[in-house]
Amino acid sequence: MPATSQYLFLDFEFTMPETKMEPKGFFPEIIEVGLVVVVNDEICDQFSSYVKPTRFPVLTNRCKSFLNITQEQINQGMSFHELVALLCKYDRSCPSTVVTWGSMDMKVLKENCKAANLPFPFTGEHRDLAMEYKLFFGNKNHTGLRKAIQEYGNEGVGKAHCALDDAFTTYNIFRLVENDKKYLMKTKPPTIGERIDLTQLRKKFAL
C-alpha cells in the first residue's frame, strides 16, 4: 500500500420495511455507520454513529427487532448531511479505496445522496470484498460476512449487524485474503535448474 493512500473499511445498517407494502414508497436509508481507516497496514482511525433517516424517520418494528436498535438511539444520531460531509473529509484527506462487504452499502449511499440532493462523497476506487472472496475461492454464491471469517477459522468482531464491528470484520477478512493472494503469487513453478541437480548432471557427463 503506498504511503500516501488509505483504505476505508465501511459498513452501514439500513432501515427496513415492515412488509412489502408498508410503508408506502419505502426505500432503505442509512441509520448506522461504521468506519475503519487503514494507512500502511495500520489502523489509524475509526468512527461509528447512528444516523437519523429523513424520508421515513420512524423505524419499523421489524427493523428495530432485526438490528436490536431503538428509536431513541436513532433520534440522537447525526444527520445524513453530516454523514456525507464526514465521508467527504475522509475521502479528501488522501487517495482512498473504499472496501465494503457486498455492493449494497455503496448502492444505498448513492440512492440516499440522490434523494437528499447531495454529491456522492467518494472519488476513488471501491472494492466489493464479498465479490472478491467469491471469485478467489471459486464459490457459486456469495458468502455472508460472518460465515466468511468463520471459514478462515476465526470469529467476527463483536456482534453481527453492528456497523463498526462489521467494518472491523471486513478489514480482518481483507487481510487474510490479501495474504493468501501474496502466498499464491510467490508459489511459482520451479525452474529447470531447480528441478535438476546440475552438479550431479555435470559429474555424469564428465565421466
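As a reminder, the structure under discussion sits directly above these lines.
Computed from a predicted model, the values in this text were never measured in an experiment. (Residues numbered from 1 in each chain as written. Predicted model: local features only at pLDDT ≥ 70, side-chain atom pairs only at ≥ 80, totals over all residues. Heavy atoms only, no water.)

All right, on to the overall build of the protein chain then. Summing up its helical and strand segments, the protein chain has nine helices and five strands in all. Partitioning the intrachain contacts of the protein chain with sequence separation of at least 6 by distance along the chain shows that 68% fall at a separation of at least 24. Accessible surface for the protein chain amounts to roughly 12,400 Å². Of this, 55% is attributable to carbon and sulfur atoms. (Helix = DSSP H or I, 4+ residues; strand = E, 2+ residues; numbered from the N terminus. Contact = heavy atoms within 4.5 Å. Areas by Shrake-Rupley, 256 points an atom, 1.4 Å probe, with all protein chains shown as cover.)

A word on the pairing of strand β5 (residues 125-128). Where strand β4 (residues 96-100) and β5 come together, four bridges link them in parallel fashion. Its bridge partner being in β5, Val-99 is matched across the sheet by Arg-127. What joins β4 to β5 is helix α4 (residues 104-116), and the crossover it makes is right-handed. (Pairing = 2+ DSSP bridges. Right-handed = clockwise from strand over helix to strand, strands pointing away.)

Tallied over the entire structure, the rule returns 12 aromatic pairs. Taking 5.1 Å as the distance between ring centres and 70° as the angle between the ring planes, the aromatic pair formed by Phe-9 and Phe-174 counts as edge-to-face. With Phe-9 in strand β1 (residues 6-14) and Phe-174 in helix α7 (residues 163-186), this residue pair connects regions lying 165 residues apart in the sequence. For Phe-9, a relative accessible area of 0% translates into the label buried. Overall, the relative accessible area of 7% leaves Phe-174 in the buried class. A ring pair is formed by Phe-120 and Phe-122, whose centres lie 5.9 Å apart and whose planes are at 75°; its orientation type is edge-to-face. On the basis of relative accessibility, which here comes to 26%, the residue Phe-120 falls in the partly exposed class. By relative accessible area, which is 10% here, Phe-122 ends up buried. Taken together, the ring pairs connect Trp-101, Tyr-133, Phe-136, Phe-137 and Tyr-152 into an aromatic cluster. Taking the ring centre of Phe-120 as reference, the NZ or CZ of Lys-110 above it sits at 5.4 Å. (Phe/Tyr/Trp six-rings, centres within 6.5 Å; stacked < 30°, edge-to-face > 60°. Buried < 20%, exposed > 50% of the residue type's maximum accessible area, 1.4 Å probe, protein only. Lys NZ or Arg CZ within 6 Å of the ring centre and 35° of its normal.)

The next thing to look at is the packing of helix α3 (residues 80-93) against α4. Angle between the axes and distance between the axes are the two parameters that describe a pair of packed helices. Between α3 and α4, the shortest axis-to-axis distance is 11 Å and the interhelical angle comes to 120°. As judged from the angle between their axes, α3 and α4 are oblique. In this structure, α3 crosses over α4, and the sense of that crossing is left-handed. Between α3, through Phe-80, His-81, Val-84 and Leu-87, and α4, the contact on the second element is made entirely by Leu-109, Asn-112, Cys-113 and Ala-116. Residue classes in the contact of α3 with α4 are distributed as six nonpolar, two polar and no charged. (Axes fitted to C-alpha atoms, helices over the stretch in contact; angles between N-to-C directions. Parallel < 35°, antiparallel > 145°, perpendicular 65-115°, else oblique. Left-handed = near helix turned anticlockwise from the far one by under 90°. Nonpolar A, V, L, I, M, F, W, Y, C, P; charged D, E, K, R; others polar.)

Given a rise of 1.5 Å per residue, 13 residues ought to cover 18 Å, and the 18 Å separating the end C-alpha atoms of α4 matches this to within 8%. When we look at burial in α4, the residues that qualify are Asp-105, Met-106, Val-108, Leu-109, Asn-112 and Cys-113. Down the axis of α4, the sector holding all buried residues measures 165°, keeping them to one side. One or two positions beyond α4, positive phi appears at Asn-117, with a value near 60°. (Expected span 1.5 Å × (residues − 1). Arc of directions from axis to C-beta.)

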